[in-house]
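Structural features, examined
Next come the chains, spelled out residue by residue.
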Amino acid sequence: MVPLSLVIATACRRRMAAALAAMLFAPAAFAEEIVFKDQGNREVRLAKAAERVVSIVIPMASTVIALDGSTRKLVGMNPTAKSAVVEGILGKIFPEAKDIPSDVTAPNFVPNVEALTAANPDLVIQWGDRGADIVAPITNAGLTTMLILYGTEELTRDYMTMASKAIGKPERIGELVEWRDRVQKDIEAKATVIPDDKRPNVLYLGRALSDISASGTKGNYNAWSIALAGGKNASGELNGTVSVNKEQIAQWNPDVIFLNAFEAKLDINWVYKDPILSLTNAAKSKRVYKMPLGGYRWDPPNQESPLSWMWTANLLHPDIFKYDLRAEMKTAYKTLYNYDLTDGDIDNILWLKDQGASADYAQFEAR
Amino acid sequence: MIGLTDAVVRFGTRTILDRLSFSVAVGRSLAILGPNGRGKTTMLKALLGFQRLDEGSRVAPAIVGYVPQTGSSNQRYRAIDVTVMGRAAHLGLFGQPGPDDFEIAHAALERAGAARFADHFFDRLSGGERQLVLLARALATGSQAIVLDEPAAALDLRNQERLLDLLKSLREPRDKAIAFTTHDPNHALAAADDALLMMPDGQSLFGPVAETITPDHLERLYGVPMRVVELVGPAGERHQAVLPAFAGIRAA
Amino acid sequence: MTTMTQDEAVPAARRIHLARQTLIFALLLALLVIAFTVSLCVGRFSVPPGRALELIWQGISDPSRELAGIDERIVLLVRAPRVVLAALAGAGLAISGAGLQGVFRNPLVSPDILGISQGAAFGGALAIMLGIWGFPLIAMVFFCGMAAVILVGLLSRINGRSETVTVILSGLVISSMFSAVVSLLQFIADPNTSLPAIVYWLMGSFATATWERTLVAAPGLILGSCFLWMLRFRLNILSLDEAEARSLGANTTRERWLVFCLIAVIVGSQVAVSGIIGWIGIVIPHAARLLVGHDHRALLPAAAVLGAGFMVCIDTLARAATAAEIPLGVITALVGAPIFATLLRHQYRERTGS
């Protein structure tokens, strides 16, 4: 449970964050007008809070829903975001989310301008670091666009804040950012004292079924969260996200393996059935885990990231981190979606049926 | 025996071959003459069996020994390898030439007078030498019919003489039906028993050389006046040749 | 040239020729064996060469043994099938290229020209997009490759015959069509799962080689290559121009299509397990031709051995040079081009006698 002093400090900080956020946005000529600079260094001008938002960026679809507390404002999303809605709990919390169009963009972020304009959005959220070719068609169609960049926690907080302002819910982001900050600092405090030789080698596999892919450390969010939770990126020597073969994984011999939540057909048996991977330290000590799929997938940065960090920390250092993940999840989902998670929901999100027997996973079971 | 009977070939509205009839019996040699564009190529294709006849019929052995004007010389095969290709029909789809086939190929090269460059690369040989190898290949097929396409066309005089000698020696055993196209009526006189004249008006004349290779027939064929000329051959014997009237220069 | 009598010159030339051919073949085979062995000893996971050789010997002498240690499994379950598959694929592609260049009488054609690779790639991309993996994927790839050849055949058939030029043009049309559809599939594919899979696979890789997959592809590769080898004399005939080939008794259209089908079997099998690998089918036959000449009786085996050795070397580089898997297409171009350029210059100098 959280101590009262922390609650009061939290409330103050929340108000400060809201004030700061208000100051970030220049006083507008019209009281309602919203103006800000996006992460592509462009000025974004909205006559009033956006009512119709399209997110080509995958995780932002669920973020917008969370910030708004409803699906009302989201009128278009990425097909890969749609699959997370359909496969995960967001489709249960907000059943109407399954009807939100996803034809506004191809999965590779190339917009379908006709579908996009038909959705008549006030605001389109798009990546700013994947080239102008995916941005120009949107701006040329005269649609207000907000560009965001991937990779670090700072960027993530920043663009979530922008989004909350843009949809006219500036008061929402304060507590979410503050939550992230609190959890990050809490984990960091305990993790910094972990000596290097006690940090496990952790391998996150972005793809496994087609070819196998892993990532280097620079600019990679997964690598960052592994380091945050007191681990080392086993694939740190790589440059960017690339294909690797099983022999290389055997050579790295990771202590922990995290499998992505993107491939629905992927589960931890994929590792245990493989003649090479089953001989890694991770497999031998049963430290193979598939990333959970909650309101969104826990691999990339999104509104549920602190839960992901806590989950990771608890698994990497169960002797040091003892977050009550189920309680945290219930609190978070109430705040984010105004939803009461059932025990069955949590079991599904954490894949308890499939990996309940994995090392240190019993701590996540319902009491 | 090889030949066409009442062969008709049409390309669209044009009739290329109009009831063409001729034949070459085993042991005889036929020279085929005709101006350019008259359809000699079509006739040759028909004779070899590559050209469908709209009317008429063709008689020929299953494999015809074909000596093209030039071989596909962009391939670096040795002459013996080119020759042994003639054995293909006897070997079937997946067959490989054995020692017997190579013996036959060597014998064919001998007969064609090309044995001395059997192991040389085909594309390194001169035009005349290549032709001998191609003839060897045709002989190696074992066919009773040999068809040569303008065998003398690209040859210098020396090689022309050699070739004519070769054609004569081929005919000597009287065991093959030989047909060759040529632009020079003297080749017909030298090496053929019969001649086929494909006239420009679409008709054709077929018969023994003595009857067909005459100045008026040739004039009709080429549209150029022709003269018979007598000369003394290399061994002192009398030779008769037929030349176009414009040959040489006006004498004083 | 030293002067010789006619009687001596002929057998001497033949002996020199034979000796040279034997030497070249011996060298090529030796290179292949060395490449094979070195490959099995090399990799990101450190296994001392002595131990690797010991494991190979154990694997050959007792194939049913349980493999427990990681080094055993790496050498015998990861490297061995991969090297074998690379060798078979390299040999198959090279033989296909050699046969095709003979049939088309054109040194610039490669198996891609019949649209097989593109058709097979389409099958694979479609399967990946539909979430089909494993053997159904391989089957789909294979059949789409054959379908491409059949389409080319239908398209090029005029008056009951298909001329060479028409076949090439039809192949271009069909392969462009399949290429375009594959691009389209890439466009709509899920960028987190399908798209990278499709792209990576299109660039060609043996990374997914297991004994199972190798044994699935092997029959097609081996049988196709064997039949092409049996046609080696026939290919000499087919490499002549149309009239000559037919006069020698070849049913050119039917036999050409037999060659195409065999090539489709080979390439379809190869693409099914390792994606599109270009370059081998066009360059290795050239190199082999520079070494042993045009006669397919020497050219086909030379191309096969050279292709196998080359592919094994390339694949070893791809999997062991860096921590990441380098796509094969990148390396074949980077390595093959300079080697080929050198060969060509040498040949040109020889030809022009300078």
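Worth saying up front: this structure is predicted, and the values here are computed from it rather than measured.

**A short note on the overall build of chain A**
Along the backbone of chain A there are 16 helices and 12 strands. Against the 2.2 N^0.38 benchmark of 21 Å for 367 residues, chain A shows a C-alpha radius of gyration of 21 Å, consistent with a compact globule. With 367 residues in all, chain A has 49% of them scored as buried. A separation threshold of at least 6 residues defines the contact pool for chain A, and within that pool the share at least 24 residues apart is 62%.

**Comments concerning the overall build of chain B**
Check the secondary structure of chain B and you find nine helices and 11 strands. Scaling as 2.2 N^0.38, a compact globule of 252 residues should have a C-alpha radius of gyration of about 18 Å, and chain B matches this with 19 Å. On the principal axes, the C-alpha backbone points of chain B span a range of 60 × 50 × 35 Å. Scored against the burial criterion, the 252 residues of chain B give a buried share of 41%. Counting contacts in chain B only where the partners sit at least 6 residues apart, residues at least 24 apart contribute 62% of the total.

**Description of the interface of chain C and chain A**
Tallying the contact residues gives 26 residues for chain C and 27 residues for chain A. Among the secondary structure elements, those contributing two or more residues to the side of chain C that touches chain A are helix 3 (70-103), helix 6 (164-188) and helix 7 (194-202) of chain C. It is helix 3 of chain C that provides the largest number of residues to the side of chain C that touches chain A, a total of five residues. When the residues that make up the side of chain C that touches chain A are grouped by side-chain class, the tally is 18 nonpolar, three polar and five charged.

**A closer look at the domain arrangement of chain A**
All names here are of chain A. By the assigned domains, chain A splits into domain 1 (4-176) and domain 2 (199-364). Averaged C-alpha coordinates put domain 1 and domain 2 at centres separated by 26 Å. Listing elements by their share of the side of domain 1 that touches domain 2, those giving two or more residues are helix 2 (60-68), helix 3 (79-87), helix 4 (90-93), helix 7 (153-166) and helix 8 (170-191). Per element, the largest residue contribution to the side of domain 1 that touches domain 2 is three residues, and it comes from helix 2. Classifying every residue of the side of domain 1 that touches domain 2 by side-chain character gives seven nonpolar, seven polar and three charged.

**Some thoughts on the sheet that holds strand 3 (residues 53-55) of chain A**
Residues and elements named next belong to chain A. Across the sheet, which stays open at both edges, the four strands sit in the order 4-3-5-6 with parallel pairing between neighbours. Each edge of the open sheet carries a strand with a single partner, namely strand 4 (74-77) and strand 6 (145-148). Pairwise comparison of adjacent strand axes, ignoring direction, gives a mean angle of 20° for this sheet.

**Overview of helix 1 (residues 40-48) of chain B**
All names here are of chain B. Residues K40, M43, L44, A46 and L47 constitute the buried set of helix 1. All buried residues of helix 1 fall inside an arc of 160° around its axis, so they share one side. Backbone geometry just downstream of helix 1 places G49 in the positive-phi region, at approximately 95°.

**Considerations on unusual backbone geometry**
Residue and element names in this part refer to chain A. Even without being glycine, N41 reaches a positive phi, approximately 60°. Here N41 lies in the loop between strand 1 (34-37) and strand 2 (43-46). One non-glycine residue, N253, adopts positive backbone phi at about 45°. Within the secondary structure, N253 sits in the loop between helix 10 (246-252) and strand 11 (256-259). A residue is classified by how many C-beta atoms lie within 10 Å of it, and N253, with 16 of them, is partly exposed.

**Regarding the interface of chain C and chain B**
Each partner contributes residues to the interface: chain C has 25 residues there, and chain B has 25 residues. Where the side of chain C that touches chain B is concerned, the elements lending two or more residues are helix 1 (6-41), helix 9 (232-238) and helix 10 (242-247) of chain C. Element by element, the count of residues in the side of chain C that touches chain B is highest for helix 1 of chain C, at five residues. Among the residues making up the side of chain C that touches chain B, the classes are represented as 10 nonpolar, eight polar and seven charged.

**A short note on the pairing of strand 5 (residues 123-127) of chain A**
All names here are of chain A. Where burial is concerned, most of strand 5 is hidden: four out of the five residues are buried. In the sheet, strand 3 pairs with strand 5 via three bridges, with the strands oriented parallel. When the sheet's bridge partners are listed, V54 is paired in strand 5 with V124. Direction of pairing for strand 5 relative to strand 6: parallel, over a ladder of four bridges. Paired with I125 across the strands is M146, a residue of strand 6.

**Focus on the environment of C:L258**
Here C:L258 is to be found in helix 11 (residues 252-274). When the C-alpha positions of C:L258 and C:L228 are compared, they lie 9.3 Å apart, and in sequence the two are 30 residues distant.

**A look at the packing of helix 4 (residues 116-129) of chain C against helix 5 (residues 134-156) of chain C**
Residue and element names in this part refer to chain C. At their nearest, the axes of helix 4 and helix 5 sit 7 Å apart, and the two run at 145° to each other. For the pair helix 4 and helix 5, the crossing hand works out as right-handed. Of helix 5, the residues touching helix 4 (which contributes I116, Q118, G119, A120, F122, G123, G124, L126 and A127) are P136, L137, M140, V141, F143, C144, G145, A147, A148 and V149. For the contact of helix 4 with helix 5, the residue count by class is 14 nonpolar, five polar and no charged.

**Here's the deal with the sheet that holds strand 2 (residues 14-24) of chain B**
Residue and element names in this part refer to chain B. Strand order in this open sheet of three strands is 2-1-4, and the pairing throughout is antiparallel. Single-partner strands in this sheet number two, and they are strand 2 and strand 4 (55-59). Between one strand and the next, the sheet's axes are offset by a mean angle of 20°, whatever the strand orientation. Direction of pairing for strand 1 (residues 2-11) relative to strand 2: antiparallel, over a ladder of seven bridges. Each bridged residue has a counterpart across the sheet, and for L4 the counterpart in strand 2 is F22. Along the sheet, helix 1 contacts strand 1, strand 2 and strand 4; its crossing angle with strand 1, the most-contacted strand, is approximately 125°.

**A closer look at the environment of C:M230**
Summarising the element assignment, C:M230 is placed in helix 8 (residues 211-230). On a C-alpha basis, the gap between C:M230 and C:G275 in space is 27 Å, while along the polypeptide they are 45 residues apart.

Calculation rules
- Along each chain, numbering runs from 1 in the same order as the chain's sequence is written.
- Chain labels run from A onward and ligand labels from 1 onward, assigned in the order the entries are written.
- The predicted origin of the model limits local features to residues at a pLDDT of at least 70 and limits the giving and counting of side-chain atom pairs to 80 or more, whereas totals for whole chains, interfaces and linings rest on all residues.
- Helix and strand definitions follow DSSP, with helices as H or I runs of at least four residues and strands as E runs of at least two, each counted in order from the N terminus.
- With C-alpha atoms as the basis for the radius of gyration, the globule rule is written as 2.2 Å multiplied by the number of residues raised to the power 0.38.
- Partly exposed residues are those falling between the two cut-offs: more than 12 but fewer than 20 other C-beta atoms within 10 Å of their own, whereas 20 or more means buried and 12 or fewer means exposed, with C-beta atoms placed from the backbone.
- The contact criterion used is a C-beta to C-beta distance within 7 Å, with each C-beta placed from the backbone.
- In this classification, the charged set is Asp, Glu, Lys and Arg, the nonpolar set is Ala, Val, Leu, Ile, Met, Phe, Trp, Tyr, Cys and Pro, and all remaining amino acids, among them Gly, are polar.
- Domain boundaries shown here were taken from an automatic or database domain assignment.
- Two strands make a pair as long as DSSP finds a minimum of two bridges between them.
- As a rule, the C-alpha atoms of each element are fitted with a line to give its axis, helices using only the stretch in contact, and angles between N-to-C directions run from 0 to 180 degrees.
- Relevant arc is that of directions from the helix axis to the C-beta atoms, nothing else.
- Left-handed describes a crossing whose near helix is turned anticlockwise from the far helix through less than a right angle; right-handed describes the clockwise counterpart.

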